[in-house]
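Overview (structure and organization)
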Amino acid sequence: MIVLLTSILAITLRAGTSLIYATIGEIYTERSGVLNLGLEGMMLVGAVSSFATVYYTGSLSLAVFVAMLTGVLLSSIHAFLSITMRANQVVSGLSITLFGTGFASFLGQRLGPESNGRYLIGLIGEKFTPIAIPGLSKIPLLGALFNQDLLTYIVYLIIPIAWFYMFKTKNGLNLRAVGENPQTADAMGIDVLKTRYLYTIIGGTLVAIGGAHLSLAYAPGWSENITGGRGWIVIALVIFSMWNPSRAIWGALLFGGINAVQFRLQASGTNIPASFLNMLPYLATIIALVVMTWLENFGKKVGAPAALATPYMRGEK
Amino acid sequence: MRIIFEKRNTISKKAILLVPVFSFIVSLFLIGILLLIFKTNPFLTYASMYVGAFGTWMNFTETLVKAIPLMLTGIGVGLAFRLRFWNIGAEGQLVFGGVIATWVALFWSPFIPAWMVLPLAIIAGMIAGALWAGIPAVLKVSLNVDETLVSLMLNYVAIMIAQGLYYGPWRDPDGFGFPGTKLFPQIAWLPRFSGRAHYGLLFAVLIALIMWVILNRTKWGFELKMIGRNPRAASVMGVRIGSNIIIALLVSGAISGMAGVFEVTAISHRLQQGLSMGYGYTAIIVAWMAQLNPIASLFVAILMAGLLVGGDQVQMMMGLPAAMGLVLQGMILFPMLAGSLFTDFKLKVISNKEEAGV
């Protein structure tokens with residue numbers, strides 16, 4: 001039993017890593033008041049570009065770097081459109097997803113070697129493999145935490161840092177002020193537009209690493225739709241974690257865990273409950289959202305940043 | 001000297017027309033560069049995309065097949081957006097409409113007169129879509145829950161319900177394990193007029209006209225416009241905002257639900273994987289590009305569908321990825337989004353002198 005649970009936990013963490021990266025990224029973006037629905041596209045481009053890089057250079061660190069670069073580029077487009085040009089953020093995010101999905105698929109059929117019909121699909125490259133930490137990985141159950149790949153270990157570090165930065169530093173305070181009440185933040189001398197640019201781009205970078213984890217570690221290689229809707233799940237996870245990086249892990253474990261359990265169910269040949277099981281996290285998210293909003297009506301601050309998805313312009317209310 | 005944006009008093013008619021045309025040209029140009037990088041002739045690519053989508057009557061009917069759900073969901077989404085209700089749940093409303101229409105087609109048709117099956121399927125599907133859109137509307141109005149997030153989550157719930165059904169209890173026992181229900185009886189098939197293009201087109205055009213009249217020629221349409229422009233002022237004038245939002249969203253969801261009904265009754269004749277092709281998301285773009293105008297949505301839907309079908313065509317003809325269509329769809333939007341600023345604002349250059357004088 002313990003062995004089974006340990007293996008489920010290990011798979012859950014592996015499936016959850018990309019989600020945690022992207023969730024923390026999107027939390028930062030949304031906390032500054034920018035809603036980015038382009039995650040699915042950004043994760044796909046991150047996944048395809050990092051796999052192509054590792055295929056040709058064999059360098060995993062370069063691959064992650066290239067993915068980060070694509071994240072910077074795509075989120076800059078979103079930032080420019082939604083912050084400077086004050087475009088509708090829902091439409092802008094969706095167009096990033098549309099473009100990113102198409103572009104990733106395009107690259108996946110063009111960047112491959114001539115011998116494979118220029119396809120990247122079906123190729124094998126370097127990948128992040130689990131590194132067992134001596135001693136720790138032998139602990140029953142919790143050992144699963146210490147038999148993971150490098151990117152997962154890094155995310156263990158990012159979670160507390162992201163939390164500390166957001167809630168215990170001056171920069172974090174400014175970031176939250178910009179998302180809560182940009183007028184006041186502006187009056188306090190915070191550059192609202194610059195802050196939003198910065199965290200939209202930082203967020204996008206993390207999201208792209210999430211994509212890279214898929215093609216470099218979780219499901220090494222490139223396949224169309226490798227994200228399987230993870231970019232949308234992340235939007236739910238952000239709500240679920242109440243815009244707090246330290247809680248990002250719980251939602252990711254929930255979704256990842258349901259994936260892992262479903263994996264077991266499929267292996268045992270039962271297909272019916274799988275879809276209904278998959279539905280639960282989305283229902284839970286809606287309920288969580290309702291409860292949070294309801295609590296806010298009593299003056300408790302738990303929910304979405306007040307200025308989420310609202311462009312800011314000086315002197316305009 | 002510096003440049004500022006000044007809000008226009010009225011939206012610029014010239015910008016409304018010029019921005020999309022200019023955006024289209026810019027995106028063709030940018031993708032052209034991308035194609036050149038990959039050693040492909042952009043002119044040839046565009047020509048074969050055009051032929052693939054509009055070149056022959058047969059190809060055009062395929063474009064219509066994809067355009068019909070986009071028209072309907074585009075009109076539906078557009079209605080919600082008019083109220084600044086950011087409903088991104090058209091996908092779920094479409095799917096749930098399809099699911100309920102399937103229920104009628106498969107399980108009711110033996111017990112009701114043949115002529116009633118299709119109308120009943122359509123009505124049931126519309127009610128289903130309306131309910132699906134009603135959930136975020138009621139939550140928004142009563143508790144102020146964010147509608148974007150709720151409607152997005154409901155997409156997944158609808159898709160999972162559909163999956164659970166065609167993988168589970170509704171699965172065709174003679175389907176060799178194929179994930180889908182059994183074929184509908186013929187009485188539940190919506191007729192096609194040419195190729196796979198079906199009479200859902202008539203419904204789409206009719207609804208666009210009706211919506212246009214409602215929005216521009218009725219008191220209710222006027223109220224909706226007021227709410228969209230300035231909710232506070234509308235409220236002062238005695239317009240009831242909450243109930244209007246809920247009613248508008250029920251109508252919006254019903255129209256999207258209808259798109260789902262047509263997908264199952266006219267195209268696949270069963271509920272199966274691939275009912276949700278992302279039409280509901282593309283619909284948002286259709287509605288937005290059409291400036292929320294229902295009649296313009298018809299034409300934008302044909303253009304967007306043409307890009308998808310044209311993308312399939314370049315794959316067959318030139319071995320280029322079909323994703324070209326998606327790339328183009330996304331790319332057109334970037335300059336358009338940037339340009340949308342100019343319909344509401346104008347650039348004003350302020351010289352140093354002027355600034356010193358103030």
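Calculation criteria
Residues numbered from 1 in each chain as written. Chains lettered and ligands numbered in written order. Predicted model: local features only at pLDDT ≥ 70, side-chain atom pairs only at ≥ 80, totals over all residues. Heavy atoms only, no water. Helix = DSSP H or I, 4+ residues; strand = E, 2+ residues; numbered from the N terminus. Rg over C-alpha atoms; globule rule 2.2 N^0.38 Å. Buried < 20%, exposed > 50% of the residue type's maximum accessible area, 1.4 Å probe, protein only. Contact = heavy atoms within 4.5 Å. Areas by Shrake-Rupley, 256 points an atom, 1.4 Å probe, with all protein chains shown as cover. Lys, Arg positive; Asp, Glu negative; His and termini not counted. Charge placed at Lys NZ, Arg CZ, Asp CG, Glu CD. Domains from an automatic or database assignment. Buried area = accessible area lost by both parts, 1.4 Å probe. Salt bridge = Lys/Arg side-chain N within 4 Å of Asp/Glu carboxyl O. Nonpolar A, V, L, I, M, F, W, Y, C, P; charged D, E, K, R; others polar. Polar contact = N/O pair within 3.5 Å; in protein donor to acceptor, adjacent residues only side chain to side chain. Axes fitted to C-alpha atoms, helices over the stretch in contact; angles between N-to-C directions. Parallel < 35°, antiparallel > 145°, perpendicular 65-115°, else oblique. Left-handed = near helix turned anticlockwise from the far one by under 90°. Phe/Tyr/Trp six-rings, centres within 6.5 Å; stacked < 30°, edge-to-face > 60°. Core = buried A, V, L, I, M, F, W, Y, C linked by side-chain atoms within 4.5 Å.

All right, on to the overall build of chain B then. Within chain B, the regular secondary structure consists of 15 helices and 4 strands. On C-alpha atoms alone, chain B measures out to a radius of gyration of 22 Å, which is about the 21 Å that the 2.2 N^0.38 rule sets for 358 residues. In terms of overall dimensions, chain B has a C-alpha envelope of 80 × 60 × 30 Å along the principal axes. Scored against the burial criterion, the 358 residues of chain B give a buried share of 56%. Partitioning the contacts of chain B with sequence separation of at least 6, the portion at a separation of at least 24 is 78%. Of the roughly 15600 Å² of accessible surface on chain B, a fraction of 69% belongs to carbon and sulfur atoms. Taking the average location of the 24 positive side-chain charges in chain B and that of its 13 negative ones, the two points are 8 Å from each other.

Often the size quoted for an interface is simply the accessible area lost on bringing the parts together. Residues and elements named next belong to chain B. When the domains of chain B are assigned, the result is domain 1 (1-32 + 323-358) and domain 2 (65-297). The centre of domain 1, based on its C-alpha atoms, is set 32 Å off from the matching centre of domain 2. Facing the 7 residues of domain 1 at the interface are 5 residues of domain 2. For the pair domain 1 and domain 2, the summed buried surface comes to about 550 Å²; carbon and sulfur atoms form 82% of the total. When the buried surface of domain 1 facing domain 2 is broken down by residue, Ile-16, Leu-333 and Met-336 rank first, second and third, together holding 61% of it. Our count for the contact surface shared by domain 1 and domain 2 stands at 0 salt bridges. Looking at which element gives the most residues to the side of domain 1 that touches domain 2, the answer is helix H13 (residues 324-339), with 5 residues. Across the side of domain 1 that touches domain 2, the residue classes tally to 5 nonpolar, 2 polar and no charged.

Another point: the interface of chain B and chain A. At the junction of the two partners, chain B supplies 51 residues and chain A supplies 51 residues. Taken together, both faces of the contact between chain B and chain A bury some 4400 Å²; the carbon and sulfur share is 82%. Three residues, Phe-38, Met-153 and Phe-334 of chain B, lead the burial of chain B against chain A; their summed loss comes to 15% of the area buried on that side. Seen at the junction of chain B and chain A, the total is 1 residue pair in polar contact (both at pLDDT 80 or more). Going through the elements one at a time, strand S1 (2-7), helix H1 (13-37), helix H5 (114-143), helix H6 (147-167), helix H11 (279-289), H13 and helix H14 (341-344) of chain B are the ones with two or more residues in the side of chain B that touches chain A. For the side of chain B that touches chain A, the element with the most residues is H6 of chain B, which contributes 13 residues. When grouped by side-chain class, the residues that make up the side of chain B that touches chain A number 38 nonpolar, 11 polar and 2 charged.

All right, on to the packing of H5 of chain B against helix H10 (residues 241-268) of chain B then. Residue and element names in this part refer to chain B. Interaxial distance between H5 and H10 falls to 6 Å at its minimum, and their mutual angle equals 140 degrees. The orientation of H5 relative to H10 falls into the category oblique. Once H5 is placed against H10, the crossing between them reads as right-handed. Along the contact surface, H5 presents Leu-118, Ala-121, Ile-122, Gly-125, Met-126, Gly-129, Ala-130, Ala-133, Gly-134, Ala-137, Val-138 and Val-141, while H10 presents Gly-242, Ile-245, Ile-246, Leu-249, Leu-250, Gly-253, Ala-254, Gly-257, Met-258, Val-261, Phe-262 and Thr-265. Here the contact of H5 with H10 is built from residues that sort into 17 nonpolar, 7 polar and no charged.

Bringing the packing of aromatic side chains into the picture now. All names here are of chain A. Enumeration over the complete set of coordinates arrives at 22 aromatic pairs over all chains. Taking 6.2 Å as the distance between ring centres and 40 degrees as the angle between the ring planes, the aromatic pair formed by Tyr-28 and Tyr-165 counts as tilted. Highlighted residues: Tyr-28 in helix H1 (residues 2-31) and Tyr-165 in helix H5 (residues 150-168), separated in sequence by 137 residues. The exposure class assigned to Tyr-28 is buried, which follows from its relative accessible area of 6%.

Residue and element names in this part refer to chain B. Applying the stated criterion across every chain, the model contains 4 salt bridges over all chains. In this structure, Glu-147 and Lys-140 form a salt bridge, with 3.1 Å as the shortest nitrogen-oxygen distance. Judged by relative accessible area, Glu-147 falls into the buried class, the value being 4%. Among the residues examined, Lys-140 registers a relative accessible area of 25% and is labelled partly exposed.

Attention now goes to the side chain of Thr-70 of chain A. Residues and elements named next belong to chain A. When you line up the elements, Thr-70 lands in helix H3 (residues 60-84). For Thr-70, a relative accessible area of 15% puts it in the buried group. One polar contact links the side chain of Thr-70 to the main-chain carbonyl oxygen of Ala-67, over a distance of 2.6 Å. If we skip the residues at most four places from it in the chain, Thr-70 touches Val-45, Gly-46, Ser-49 and Ala-208.

To continue, consider the nonpolar core. Counting 191 residues, the largest nonpolar core has Ile-24, Phe-106 and Trp-222 of chain A together with Leu-72 and Met-289 of chain B as its most contacted members. In terms of residue count, the dominant contributor to this core is H6 of chain B (14 residues). Sequence-distant contacts of Leu-72 of chain B, that is, excluding residues within four places in its chain, are made with Ala-204, Ile-207, Ile-255, Met-258, Ala-259 and Phe-262 of chain B.

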